[in-house]
Number of protein chains: 4
Amino acid sequence: MRNGDSAYIEDYTEPSFRLSTPRGARPMTGHAPGIEAPGAPETAPRRRRVDAERNRQRILEAAEATFARAGIGVPVDEVARAAGVGVGTLYRHFPTKESLCEAIILRHIDLLVTTCDEAVEGTAHAPVDAFFAFLRHMADEMTANRDLFDALGESGTELKARCQVEFGQLETCIDTLRQRAVDAGGVRADVTTPQVVGLVSGTCKLAQPGADPPGGCRMLDVVFDGLRRG
Amino acid sequence: MRNGDSAYIEDYTEPSFRLSTPRGARPMTGHAPGIEAPGAPETAPRRRRVDAERNRQRILEAAEATFARAGIGVPVDEVARAAGVGVGTLYRHFPTKESLCEAIILRHIDLLVTTCDEAVEGTAHAPVDAFFAFLRHMADEMTANRDLFDALGESGTELKARCQVEFGQLETCIDTLRQRAVDAGGVRADVTTPQVVGLVSGTCKLAQPGADPPGGCRMLDVVFDGLRRG
Amino acid sequence: MRNGDSAYIEDYTEPSFRLSTPRGARPMTGHAPGIEAPGAPETAPRRRRVDAERNRQRILEAAEATFARAGIGVPVDEVARAAGVGVGTLYRHFPTKESLCEAIILRHIDLLVTTCDEAVEGTAHAPVDAFFAFLRHMADEMTANRDLFDALGESGTELKARCQVEFGQLETCIDTLRQRAVDAGGVRADVTTPQVVGLVSGTCKLAQPGADPPGGCRMLDVVFDGLRRG
Amino acid sequence: MRNGDSAYIEDYTEPSFRLSTPRGARPMTGHAPGIEAPGAPETAPRRRRVDAERNRQRILEAAEATFARAGIGVPVDEVARAAGVGVGTLYRHFPTKESLCEAIILRHIDLLVTTCDEAVEGTAHAPVDAFFAFLRHMADEMTANRDLFDALGESGTELKARCQVEFGQLETCIDTLRQRAVDAGGVRADVTTPQVVGLVSGTCKLAQPGADPPGGCRMLDVVFDGLRRG
DNA sequence: AATGAATGAGAATTCATTCAT
DNA sequence: AATGAATGAATTCTCATTCAT
C-alpha cells in the first residue's frame, strides 16, 4: 500500500490543535509522547480513534455500495443513512461529497497499485500472463465502481485533478508491466498505457447485464486479443 | 430517415410509441413534407405547424449541442435559451427533459439505422470493410453524444426502456452487417452484436483528449483487431 | 433617482436571448420593435413584466420589513413567505440573499442621494439647516434598516464592495452639503464627511427604545451640537 | 473585580444569577485565590479546580480574541481549538454559546464598573476630566469587543436580558460620574446616562478603518464636544 | 473533568415542471 | 402556440449541542 489511506479529515481538523499538554495528565513516562512503548497494549487512549475509524470505514463502504447501486447522484443523506450515521458524521469524515468520492477512488487506485506492484515483482517469468491478469483484475474493480471511475474521466471535475498524482502512480506502475509484456513479445508495442487503461475502463462501462452471455467470449477478451497482436 | 419525426407530444404516453411502424411502409405521398400544395388557402394553420416544426428542430439541435458541450446536467432553461425559445415552448414540444434526450437519441439511432441499412444493401461486396466502416461511423456519433449514450447505458434510467425498441432495430440491422462480415471470414464468430456495440461505445466513452496520440494506433483500432480474429 | 433601480435579474437571465422573432407574430406595424408608437396604449405585451415587477417590489418590501423586524439573519424562506411568493420566485429576482440586501440598500442610498441633491439645489440659502435636516432624514432611513446598514459597515462582506460606487455617490453629494454648511460658518471644518456619516449611522444603531426619552434632547442632537462647533 | 468569577455552570439556571450580590460584600478571605493554603492534604481535588479554572480563563480569552477577530459568528469549535481544549470542555464551562458571550461581556462590564468606581472615588477633583477619560476608556473596551456589545444592543437577544442587572450597575455607576461632571458645569444636564452610553457605543461601532484619519479630530471628540455644551 | 465524535435541525440555493397571460 | 414567471421539493453543507469513553 502506497498512498497511506489518507485520513482526509485529520489533515482537515487538526491544524492548530493540540498545542497544550492534553490536560488529561498523562503519567510522565520517559519516552516522547506519541511513540508507543513496544509491547505496551495501551488500548484505552486510542479507543475513540478506533471507533471513529470504524465509522469512517462504514461510511466508505456504504458510499461505495450506494454509489454502485444508484450512481454518484444519490443524495449524501442516503449514503449516511446506509452507513447508519448522521449526515454530520459523514461530513466530519469527508468535508465534501467530492472528497468522499475521492477517498473511495483513491483506495481503489491504491489497491490496484499494490496489486500491480506485486504483479511486477512477483512474476518476473510469464510477464504477459501477469499483464493480462492484472488488467482483468482492474476491470473487475472498475466495473464495481463504474460511476466513480467515470467521474474520474470527466474533464470538468475537481476529482480528476485531485486524484491525478495517484492515478499517475498507477499508470507508471502499469507501464512497467506493459513494457515487460511487450518485451516478451506478447503485446503489441504501438499501444500506450493510457490507451490500455482507457480500453479496459471503457469496456467495463458498458458491461450491461446480458451483454456478456455466459457462454462465448467476454468483451474483455476481444480487447485482449486486440492488444496481443494486430 | 425512418422514424417519422412527428410531433412528439401527441403520442407521448404510448408505451412503444413512435417508429412503431417497424420498418419501411412510409406513406409515400408525392411531395416533400413541409412544402405546401399550391393554392391551398389554409395558410395560417399550416404556418403554425411549420413554425412549430422549425422550433422543434431548433430545440433539438440546441439541446444536442448544449448537452455535448456541458453534459446532460445542464438546466433545461439553458437549452431553451440556446434554442432561442422560452422554456414553455420547449416543454410544449418535449414534456420532459428525459423525453428531450430520448428524441435526440432516437434521431441518432434512426440515422444510424439508415446508414447501416445502406451499408447492408449498398456494399454486398466487401462486407468486412463495410462492417468496420460502419462501426467507425457509429463511434463518431457516439463520441459526439457521449453523455446521451451513457445515459442509455445506465440501468436505472427510463431512457433505456424508452429507446429499447429502436435500439433493438439498430442491433438487428448491425447484426446483419456483422453476420455477413463473419461469413466472409473477416470477423470472429464468437462475438455477439451487443458485445460489438458495447465495445465500440465503451471505447468512445473514454476518448479523453490525449489518450489517442496522433501518431500510433487509435484505441478503436485495437478493438477492431480484436474483433477480426482471436 | 440616479442608480436606475437595477433590475438585477434582467442582466442575469437575458444574455443570449431573444435572438429569434418572438414567434408570437406581432402584427407588423411600420416602426421598429421595442419603440413604442407615441400615445399607443399597448398594455398587453408588457403585462407579464408588470406583474413580475409587482412581485419584485413585494419581495423587496417584505424583505425590508422582515429584516428590520428580525435582522438579516432570517432565512430566505421567511422573506419569501412574507412576500407571498415561493422561494424560487425570490431567487429568480435576486439570485443571492446578498443581492437582495444589496437591492434594498441601493434603493435607500438612491433615495438618499435624491433627497440630498434636492437639499443641495433647493436650499441655497440656509445651508446649515439644510445640512442638519438631511442628516436627520438619513438617520431615520438608517434606523429603519439598521441591520442592512450595519452589514454595509462590516469589512468582510461582499456587500460593502458591491455598494461602494453608490455609497461613494452619496458621500460626494453629502460632502457638498457639508462644505456649504462649513462655509456658512455653521459647522466645524475639521470633520470629514465619512466621519459625519459614521456619527449619524452609529447613533442610529443604538437607538434603543427608551434610550431617547420623549422629553429632553435626542442623541442625535448631541451629535449635531458637537458638529456645530467644538 | 466584583462579580465573583465563579464556575459558571453551577448557577446557570438562576434568573438573576451571578453578581447578584449587588455591590460589595466579598468574603474577604486572607489569601489570594488560587494559592493553596500550605499543608492542606486535599491536593487532588483542588488541583482539578485549579486546572479547570485555568481552562475557563483560557477559553474566555480565546473566545474574546476569536470573536474580536472574526465576529461572534465563528463556530464554537474554532474557539475551543483556539483555547486548546475540546468542545466538550468548553461546553462544560459554558453550557451555551450565548452564555460564553455573556461571560465575556460581564467580565468587561465588571472591569468597567471597577474603573468607573475608581474614577468616582479617586478623582473627586476634576470630575469633568474624569468623566470623559472614563468614556474614552469605555470606548476602547467597546471597540475591541464590538460584536459582543452589538449583540447586547440587539433587542431580540437573550443576552440583553441576561446582562441587564450588571449593565444597570454600570449605568448607575456612570451616572454618578456624569452627575458630578454636570454639577461641575462641564457637561450639559439634559442628556441621560443611557444616552451617553448609547452615543459612545454607537461611535465605536462604526470606527471603520479610515473613518478617523490621523490628522484632524476623532469621531469621539465630536460627541464629547456635543456633550460639553449645546 | 476532558475529549472529540456524533447528531440533526436548519440554511442557501438549484432546477424540473406548471401556469397565467 | 409561445412566453417566461412562479413554484417548491430536493440537495449540499454548517454548526450548536449532546454523549460515550
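Our structure is the block above this text.
Just so we're clear, the structure is a prediction, and the values are computed from it rather than from any experiment.

Calculation notes
- Residues numbered from 1 in each chain as written.
- Chains lettered and ligands numbered in written order.
- Predicted model: local features only at pLDDT ≥ 70, side-chain atom pairs only at ≥ 80, totals over all residues.
- Heavy atoms only, no water.
- Helix = DSSP H or I, 4+ residues; strand = E, 2+ residues; numbered from the N terminus.
- Buried < 20%, exposed > 50% of the residue type's maximum accessible area, 1.4 Å probe, protein only.
- Contact = heavy atoms within 4.5 Å.
- Areas by Shrake-Rupley, 256 points an atom, 1.4 Å probe, with all protein chains shown as cover.
- Phe/Tyr/Trp six-rings, centres within 6.5 Å; stacked < 30°, edge-to-face > 60°.
- Lys NZ or Arg CZ within 6 Å of the ring centre and 35° of its normal.
- Axes fitted to C-alpha atoms, helices over the stretch in contact; angles between N-to-C directions.
- Left-handed = near helix turned anticlockwise from the far one by under 90°.
- Nonpolar A, V, L, I, M, F, W, Y, C, P; charged D, E, K, R; others polar.
- Disulfide = S-S within 2.5 Å.

Take the overall build of chain A next. Check the secondary structure of chain A and you find 10 helices and zero strands. Tracing chain A from N to C terminus, the helices and strands come up as α-α-α-α-α-α-α-α-α-α. Residues classed as buried in chain A amount to 41% of the 230 residues present. Sequence-distant contacts, at least 24 apart, represent 71% of the contacts inside chain A between residues at least 6 apart. Surface summary for chain A: the accessible area is close to 11,900 Å², and the carbon and sulfur share equals 54%.

Turning our attention to the packing of aromatic side chains. Each aromatic ring pair is characterised by the separation of its centres together with the angle its planes make. Throughout the structure, instances matching the rule amount to eight aromatic pairs over all chains. A connected cluster of aromatic rings, assembled from ring pairs, spans Phe131(A), Phe132(A) and Phe224(A). Looking at Arg228(B), its charged tip hangs above the ring of Phe132(B), at a distance of 4.5 Å from the centre.

Turning our eyes to something else, we now look at the packing of helix H6 (residues 127-144) of chain A against helix H10 (residues 219-228) of chain A. All names here are of chain A. One can describe the packing of H6 onto H10 by two numbers: an axis separation of 12 Å at closest approach and a directional angle of 145 degrees. In terms of crossing hand, the pair formed by H6 and H10 is right-handed. Taking contact as the criterion, the partners of Phe132, Leu135, Arg136 and Ala139 in H6 are, on H10, Leu220, Asp221, Phe224, Leu227 and Arg228. Here the residues of the contact of H6 with H10 are counted per class, giving six nonpolar, no polar and three charged.

On the secondary structure map, Ala65(D) appears in helix H1 (residues 43-70). When the C-alpha atoms of Ala65(D) and Arg107(D) are compared, they prove to be 14 Å apart, with 42 residues separating the residues in sequence.

Residue and element names in this part refer to chain D. Across all of its chains, the model carries zero disulfides over all chains by this definition. Cysteine cysteine 101 shares no disulfide, and the gap to the nearest cysteine sulfur, in cysteine 163, comes to 9.4 Å. According to the relative accessible area criterion, cysteine 101 is buried, its value standing at 5%.

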